[in-house]
Amino acid sequence: REWTTLHTYEDIKYEFYNGIAKITINRPEVRNAFRPKTTAEMIDAFSRARDDERVGVIILTGEGDQAFCSGGDQKVRGNGGYVGEDNIPRLNVLDLQTLIRKIPKPVVAMVAGYAIGGGHVLHIVCDLTIAAENARFGQTGPRVGSFDGGYGAGYLARIVGHKKAREIWFLCRQYDAQQALEMGLVNTVVPLEQLEDETVKWCEEILELSPMALRFLKAAFNADSDGLAGIQQLAGDATLLYYTSDEAKEGRDAFKEKRKPDFGQFPRFP
Ligand code: 1HA
């Protein structure tokens with residue numbers, strides 16, 4: 001399989017193959033921990049994938065087979081967040097989490113090795129997770145002086161249930177791929193050497209389906225956990241579809257032609 005590099009970054013890779021964008025955290029020496037630059041680059045790459053009409057599905061992964069992502073880079077953690085070249089402490093991974101949820105295309109986490117801490121939360125916010133047999137999952141916040149009480153806690157609880165989610169955060173244990181599968185935290189587990197083939201296979205199945213239907217479903221799945229922001233997203237998709245209709249075009253054209261709109265020609269469905 002030949003991946004084409006679409007844009008070059010320092011901390012990540014951004015590649016494309018056959019309708020699939022692949023975003024790879026490329027800091028294997030620190031188990032793919034993210035610093036502010038890593039997160040900013042991921043936000044940029046996800047935005048490109050969102051705008052690129054050729055892209056129907058996005059894979060998020062980590063370089064190598066040791067880790068998907070080990071969370072925030074503790075070595076650049078200052079007192080108010082993670083500090084980059086601009087010296088400003090940031091928690092900008094939260095913006096990345098929301099972007100992954102908002103992007104109207106399925107995002108698939110491809111996990112080999114550790115998905116830990118803020119790295120675990122990144123796979124949580126992806127639509128699907130394909131795990132290699134060596135994958136290990138867990139939160140570490142209460143051990144290292146951090147916590148993610150947003151999607152990392154509340155949305156995790158919607159996936160695995162409250163008892164399990166509280167266990168994950170209150171004990172900071174690690175769980176192997178099989179345990180993750182049993183608690184509904186991942187979609188499937190495959191041998192490490194088949195991880196990318198299987199993930200691409202899932203992506204190719206997705207690519208055969210109606211993009212608009214998938215778009216609405218993603219927004220619908222998100223709507224209740226995202227409150228009014230979730231309704232905004234779902235309603236925005238409805239507006240997008242409406243804009244493509246003759247009925248909406250009549251409103252626009254009537255305004256431009258300075259005449260009364262004729263909406264009587266359009267059906268009032270029961
Ligand atoms: O909670 C949040 C946030 C909450 C709200 C808003 C924003 C947030 C943003 C981020 C986070 C967090 O992510 S907090 C949680 C941070 N992460 C961790 O606590 C995980 C730390 N790492 C580990 O527990 C382990 O390294 C590991 C289970 C992932 C892997 O263990 P292993 O295979 O035994 O490797 P290890 O020897 O520990 O690590 C290899 C190298 O990678 C080491 O480098 P060395 O010190 O030998 O030079 C290690 O320090 C480095 N490394 C691993 N993880 C990180 C890291 N360096 C910096 N930051 C890391 N997270």
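Residues numbered from 1 in each chain as written. Predicted model: local features only at pLDDT ≥ 70, side-chain atom pairs only at ≥ 80, totals over all residues. Heavy atoms only, no water.

Time to look at the overall build of the chain. Looking only at helices and strands, one finds eleven helices and 13 strands in the chain. A globule of 270 residues ought to have a C-alpha radius of gyration of about 18 Å, and the chain, at 21 Å, matches this closely. Each principal axis of the C-alpha distribution contributes one length, and for the chain these read about 65 × 40 × 40 Å. Looking at the 270 residues of the chain, the share that counts as buried comes to 44%. In the structure as shown, the chain presents an accessible area of about 14200 Å², 52% of it carried by carbon and sulfur atoms. When the 33 positive and 38 negative side-chain charges of the chain are each reduced to one mean point, those points stand 6 Å apart. (Helix = DSSP H or I, 4+ residues; strand = E, 2+ residues; numbered from the N terminus. Rg over C-alpha atoms; globule rule 2.2 N^0.38 Å. Buried < 20%, exposed > 50% of the residue type's maximum accessible area, 1.4 Å probe, protein only. Areas by Shrake-Rupley, 256 points an atom, 1.4 Å probe, with all protein chains shown as cover. Lys, Arg positive; Asp, Glu negative; His and termini not counted. Charge placed at Lys NZ, Arg CZ, Asp CG, Glu CD.)

Now for the packing of aromatic side chains. Scanning the entire structure with this criterion turns up three aromatic pairs. Residues Y151 and Y155 carry aromatic rings whose centres are separated by 6.2 Å and whose planes lie at 90 degrees to one another, so their mutual orientation is edge-to-face. Here Y151 and its partner Y155 are both found in helix 5 (residues 151–160), four residues apart, which amounts to about one turn of the helix. Note on F263 and F266: the rings are 6.5 Å apart at their centroids and 50 degrees apart in plane angle, and the pair reads as tilted. The exposure class of F263 is partly exposed, given its relative accessible area of 37%. Above the plane of the ring of F16 lies R54, whose end atom (NZ or CZ) is 4.8 Å from the centre. Lying over the aromatic face of Y155, R101 brings its terminal NZ or CZ to 4.4 Å of the ring centre. (Phe/Tyr/Trp six-rings, centres within 6.5 Å; stacked < 30°, edge-to-face > 60°. Lys NZ or Arg CZ within 6 Å of the ring centre and 35° of its normal.)

Per the UniProt annotation, the sites labelled "site: Important for catalysis" (unreviewed entry) are Y82 and Y243. Look at the named residues: they lie 162 residues apart in sequence, and the longest C-alpha span between them is 41.6 Å, so in the fold they stay spread out. Tracing the chain through its elements places Y82 in strand 6 (residues 82–83). Those residues in contact with Y82 that sit more than four places away from it in its chain are P36, G72, D73, Q74, V76, R77, I88, P89, R90 and L91. By secondary structure assignment, the location of Y243 is in helix 10 (residues 227–243). Other than its neighbours up to four places away in sequence, Y243 contacts A248 and K249. (UniProt positions renumbered as here; feature names shortened; annotations may be inferred. Contact = heavy atoms within 4.5 Å.)

The ligand sits among 25 residues. The nearest are S70, G72, G118, T140 and S146. Residue classes in the shell around the ligand are distributed as eleven nonpolar, nine polar and five charged. (Near = heavy atom within 4 Å. Nonpolar A, V, L, I, M, F, W, Y, C, P; charged D, E, K, R; others polar.)

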